[in-house]
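# Descriptive structure summary
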Amino acid sequence: FSYPMFRDLSAGTGSTATLIARASASVVVGVDGSGERAAVELLSGNAFEALGVTPALGRFFSPADDTVSAAPVVVLSDAWWESRFSRAPSAVGQTVVVNATPMTVVGVARPGFTGLVANESPAFFVPVTAMQAIRPTWRGLDDRRFRWLHVIARLAPGVSQAQAKAALDVRYRQVN
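Overview of the structure. (Residues numbered from 1 in each chain as written. Predicted model: local features only at pLDDT ≥ 70, side-chain atom pairs only at ≥ 80, totals over all residues. Heavy atoms only, no water.)

### Brief notes about the overall build of the protein
Basically, it comes down to this: Runs of H or I in DSSP of at least four residues are treated as helices and runs of E of at least two as strands, each being numbered from the N terminus. For the radius of gyration, the atoms used are the C-alpha atoms, and the globule rule reads 2.2 Å times the number of residues raised to 0.38. Three exposure classes are used, based on accessible area relative to the maximum for each residue type with a 1.4 Å probe and protein chains only: buried under 20%, partly exposed in between, and exposed over 50%. Whether two residues are in contact is decided by their heavy atoms: any pair within 4.5 Å suffices. Each accessible area value is a Shrake-Rupley result obtained with a 1.4 Å probe; residue values ignore everything except the protein chains displayed when judging cover. Asp and Glu are treated as the negative residues and Lys and Arg as the positive ones, with His and the ends of the chain left uncounted. To locate a charge, take NZ of a lysine, CZ of an arginine, CG of an aspartate or CD of a glutamate.
Along the protein, the regular secondary structure elements total five helices and eight strands. The order of α-helices and β-strands along the protein, N terminus first, is α-β-β-α-β-β-α-β-β-β-α-β-α. For 176 residues, the compact-globule estimate of 2.2 N^0.38 gives 16 Å, and the protein sits close to it at 17 Å. Projected onto its principal axes, the C-alpha positions of the protein cover 50 × 35 × 30 Å. Looking at the protein as a whole, 44% of its 176 residues qualify as buried. Taking the intrachain contacts of the protein between residues at least 6 apart in sequence as the baseline, contacts between residues at least 24 apart amount to 69%. Total accessible area computed for the protein in this model is approximately 8,700 Å², and 53% of it derives from carbon and sulfur atoms. The distance from the centre of the 16 positive side-chain charges to the centre of the 13 negative ones in the protein is 6 Å.

See below:
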């Protein structure tokens, strides 16, 4: 899906489901002057709350962090926190440089939370809108034709998959 389509679909799901957007990217990340290639998972600002996941340290990003005008933030995976920061609580507030963009560490994921896709283990998580920060020449965020996001629906309690699909199909036809 495109980012504008995700926003439009999310605004019309009502009480049937919460939509989460995700994408993955490979980046060069630097800490203290050293750089390495790493996998990053881009998540919509509502993802952690919708999944009911809590941070091990600090906080997760929120919808307020998932805007182009927000300061760039990052949430470390537990494994990357251990390997690069030796589990130091002082990692929160540090700056990591992602593809030449400084980002502030706001939190650390709990052990066992490795993102939304099986067999992928991102080093860290950033808001979807950070794609423009980590790929400065990329201009796909507001382009309805550029479909780069995977959208996952978390059903509301008591809502069947068929009910949610019916509601989303109607909304999809309205915004497509």
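### A closer look at helix H5 (residues 161-175)
The condition that has to hold: Take the residue count of a helix, subtract one, and multiply by 1.5 Å to get its expected span. Along the arc lie the directions from the helix axis toward the C-beta atoms.
Its 15 residues place the ends of H5 21 Å apart at the C-alpha level, agreeing with the 21 Å of an ideal helix rising 1.5 Å per residue. Those residues of H5 that fall on the buried side of the exposure criterion are Ala164, Leu168, Arg171 and Val175. Projection of H5 onto a plane perpendicular to its axis shows the buried side chains occupying an angular sector of 60 degrees, all on one side. Summarising the geometry of H5, the exposed residues directed more than 90 degrees from the buried face are Ala162, Lys165 and Arg173. Packed against the buried residues of H5 are helix H1 (3-11), strand S1 (17-31) and strand S8 (150-155).

### Notes on the pattern of salt bridges
Short version of the rule: Take a side-chain nitrogen of Lys or Arg and a carboxyl oxygen of Asp or Glu: if they are within 4 Å of each other, that pair is a salt bridge.
Under the criterion given, the structure shown has 10 salt bridges. Between Asp143 and Arg145 there is a salt bridge; the shortest N-O distance is 3.2 Å. For Lys165, the salt bridge identified is with Asp169, shortest N-O distance 2.8 Å. Of the two residues, Lys165 and Asp169 are both situated in helix H5; the distance of four residues between them amounts to about one turn of the helix.

### Quick look at the packing of H1 against H5
Helix-helix packing is characterised by the crossing angle of the two axes and by the distance between the axes. Stated formally: The axes used here are C-alpha line fits, helices contributing only the stretch in contact, and every angle between their N-to-C directions lies in the interval 0 to 180 degrees. Angles are sorted into four bins: roughly parallel if under 35 degrees, roughly antiparallel if over 145, roughly perpendicular if 65 to 115, and oblique for all others. Handedness of a helix crossing follows the sense of rotation of the near helix relative to the far helix, less than a right angle counterclockwise being left-handed and clockwise being right-handed. Residues are grouped as follows: nonpolar covers Ala, Val, Leu, Ile, Met, Phe, Trp, Tyr, Cys and Pro; charged covers Asp, Glu, Lys and Arg; every other residue, Gly included, is treated as polar.
At a closest axis distance of 9 Å, the pairing of H1 and H5 adopts a crossing angle of 135 degrees. One way to sum up the angle between H1 and H5 is to call them oblique. Of the two possible hands of crossing, H1 and H5 adopt the one that is right-handed. Where H1 approaches H5, its residues Met5, Asp8, Leu9 and Ala11 are matched on the opposing element by Leu168, Arg171, Tyr172 and Val175. Counted by class, the contact of H1 with H5 contains six nonpolar, no polar and two charged residues.

### Quick notes on the pairing of strand S2 (residues 34-43)
Heads up, the rule is: Should DSSP find at least two bridges between two strands, the strands are taken to pair.
Sheet topology places S1 next to S2; 10 bridges connect them, and they run antiparallel. If you follow Ser24 over to S2, its bridge partner there is Glu41. Hairpin connection, S1 to S2: the antiparallel pair is bridged by two residues, and Asp32 has positive phi, about 55 degrees. Pairing analysis gives four bridges linking S2 to strand S7 (residues 124-127), with the strands arranged parallel. Bridge pairing in S7 places Leu42 opposite Val126.

### Quick word on the layout of surface pockets
Condition: Only protein atoms enter the 1 Å grid used here, on which a cavity is any set of points holding a 1.4 Å probe that cannot leave and a pocket is any open set flanked by protein within 12 Å on both sides along at least five of seven lines; residues with an atom within 4 Å of a point are listed as lining. Grid points are joined across faces, edges and corners, and a volume is the space filled by probe spheres set on the points.
Counted as a void, the largest pocket has a volume near 200 Å³. Considering the residues around the largest pocket, the lining is formed by 13 residues, among which Phe6, Ser10, Leu19, Ser44 and Asn46 are closest to the centre. Taken together, the elements giving at least two residues each to the lining of the largest pocket come down to H1 and S1. It is H1 that contributes the most residues to the lining of the largest pocket, four residues altogether. Residue composition of the lining of the largest pocket, by class: five nonpolar, six polar and two charged.

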